[in-house]
Amino acid sequence: MSAVRLYLRSRRLHVLAVVLVLLAVLSTLVGGRVLSLGSAEHPASMPYRFVLAALASSCVVSSLASPLPLLDGASGVVSRARWLHLAAAALVCTALLGGADLLGSADGGHTALTSLRSTLTWLGLALLSSALLRESLSWVLPLAGVFLLVWFGSPYGSAEAWNWVAAPVDASLSWYVMCGVVGGGAVAQWLVWSRSRRTGR
């Protein structure tokens, strides 16, 4: 069995695909409902679709975890397969969540761009979390991001310019945040995988 086929079987990507589809369906059905936190004096809320997008992105990055890290670290073929895996899973995740958002919104163009910005930022946070901790803990920074947005993303009823899930499409700062997080996550993951190739672990 080739290294790539062994890699694909070991990650159980069919399970990831089912999970992403289920999360997209759930986002279509209940994404517009609001998760409320805080107290009566200081209410804070966020639509469920953003929380589900954070969860889906964490699932994508968690699927990179290897049952045989020593074998993966020693193989250049597997290293390339990991990048292809990440790119393909991120594309599927973005497409499914974008479709779910479009089904629940009348503003197609702006919704698609906002969904793209949101999902890519969540993926970047998950990559950073994976690189700093490990793949199985890729949910840590996205969870922190959820609380950051809930408490500080829209303090006066309108979204802050940096709010990657709710700021207007023309809010440049939110796109800078997305680019910085995605770039930082990709570089951090590349450094981790490069080190694992050199050390064989």
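Residues numbered from 1 in each chain as written. Predicted model: local features only at pLDDT ≥ 70, side-chain atom pairs only at ≥ 80, totals over all residues. Heavy atoms only, no water.

S.K.: Could you give an account of the overall build of the protein chain, with specific residues and numbers?
M.R.: Scanning the protein chain from N- to C-terminus turns up eight helices and two strands. In sequence order, the secondary structure elements of the protein chain are arranged as α-α-β-β-α-α-α-α-α-α. Taking all 201 residues of the protein chain together, 38% fall into the buried category. Across the protein chain, contacts joining residues at least 24 apart in sequence account for 65% of those joining residues at least 6 apart. (Helix = DSSP H or I, 4+ residues; strand = E, 2+ residues; numbered from the N terminus. Buried < 20%, exposed > 50% of the residue type's maximum accessible area, 1.4 Å probe, protein only. Contact = heavy atoms within 4.5 Å.)

S.K.: Break down a nonpolar patch on the surface for me, with residues and values.
M.R.: On the surface, a cluster of nonpolar side chains totalling about 610 Å² of accessible area is made up of W139, L143, F147, L148, W151 and F152. Relative to the helices and strands, F152 is located in helix α7 (residues 140-153). (Patch = residues over 30% accessible without salt bridge, like charges linked within 9 Å, V, L, I, M, F, W, Y side chains within 5 Å. Areas by Shrake-Rupley, 256 points an atom, 1.4 Å probe, with all protein chains shown as cover. Salt bridge = Lys/Arg side-chain N within 4 Å of Asp/Glu carboxyl O.)

S.K.: Run through α7, naming residues and quoting values.
M.R.: With 14 residues, α7 ought to run about 20 Å at 1.5 Å a step, and its terminal C-alpha atoms sit 18 Å apart, in line with that. Looking only at α7, the buried set comprises P142, G145, V146, L149, V150 and G153. Down the axis of α7, the smallest arc covering the buried residues is 130°, so these residues share one side. (Expected span 1.5 Å × (residues − 1). Arc of directions from axis to C-beta.)

S.K.: Explain the environment of V34 to me, using residue names and the numbers behind them.
M.R.: Here V34 is to be found in strand β1 (residues 34-38). Residue V34 is classed as partly exposed on the basis of its relative accessible area of 43%. A sequence separation of 17 residues divides V34 from V51, and the C-alpha atoms of the two residues are 9.9 Å apart.

S.K.: Could you give me a rundown of empty space enclosed by the protein, with the residues and numbers involved?
M.R.: Per the counting criterion, the structure on display carries one cavity of 30 Å³ or more. There is about 60 Å³ of room inside the largest cavity. Counting residues per element, the ones that place at least two in the lining of the largest cavity are α3 (48-62), α5 (76-103) and α6 (108-132). Per-class residue counts for the lining of the largest cavity are three nonpolar, four polar and two charged. (1 Å grid on protein atoms, 1.4 Å probe; cavity = no way out; pocket = protein on both sides within 12 Å on 5 of 7 lines; lining within 4 Å. Points joined across faces, edges and corners; volume = space filled by probe spheres on them. Nonpolar A, V, L, I, M, F, W, Y, C, P; charged D, E, K, R; others polar.)

S.K.: Break down the packing of helix α2 (residues 13-30) against α3 for me, citing the residues and quoting the values.
M.R.: Orientation of α2 relative to α3, taken along the N-to-C sense of each, is 175°, at an axis distance of 9 Å. Classified by the angle between their axes, α2 and α3 sit roughly antiparallel to one another. In this structure, α2 contributes L16, V19, L20, L23, L26, S27 and V30 to the contact, and α3 contributes Y48, R49, L52, L55, A56, C59 and V60. Residue composition of the contact of α2 with α3, grouped by class: 12 nonpolar, one polar and one charged. (Axes fitted to C-alpha atoms, helices over the stretch in contact; angles between N-to-C directions. Parallel < 35°, antiparallel > 145°, perpendicular 65-115°, else oblique.)

S.K.: So what about the nonpolar core? Which residues, and what values?
M.R.: Buried together is how nonpolar side chains tend to be arranged in soluble globular proteins. Formed by 32 residues in total, the largest nonpolar core has its most connected members in V60 and W122. Only α2, α3, α5, α6, α7 and α8 (172-199) provide two or more residues apiece to this core. (Core = buried A, V, L, I, M, F, W, Y, C linked by side-chain atoms within 4.5 Å.)

S.K.: Please give an account of the packing of aromatic side chains that cites residues and values.
M.R.: Working definition: an aromatic ring pair is given by the centre-to-centre distance plus the angle between the planes. On inspection of all chains with the given rule, the structure shows three aromatic pairs. An angle of 80° between the planes, with centres 4.8 Å apart, marks the rings of W83 and W193 as edge-to-face. Linking W83 in helix α5 with W193 in helix α8, this pair joins segments that are 110 residues apart in sequence. With a relative accessible area of 3%, W193 lands in the buried category. Summarising the aromatic geometry, the rings of W162 and W164 are spaced 6.3 Å apart at their centres and angled 50° between planes, so their arrangement reads as tilted. Judged by relative accessible area, which is 5%, W164 ranks as buried. Here a set of aromatic residues connected by ring pairs shows up, and it is made of W122, W162 and W164. Across the ring face of W175, the terminal group of R117 is positioned such that the distance to the ring centre comes to 5.4 Å. (Phe/Tyr/Trp six-rings, centres within 6.5 Å; stacked < 30°, edge-to-face > 60°. Lys NZ or Arg CZ within 6 Å of the ring centre and 35° of its normal.)

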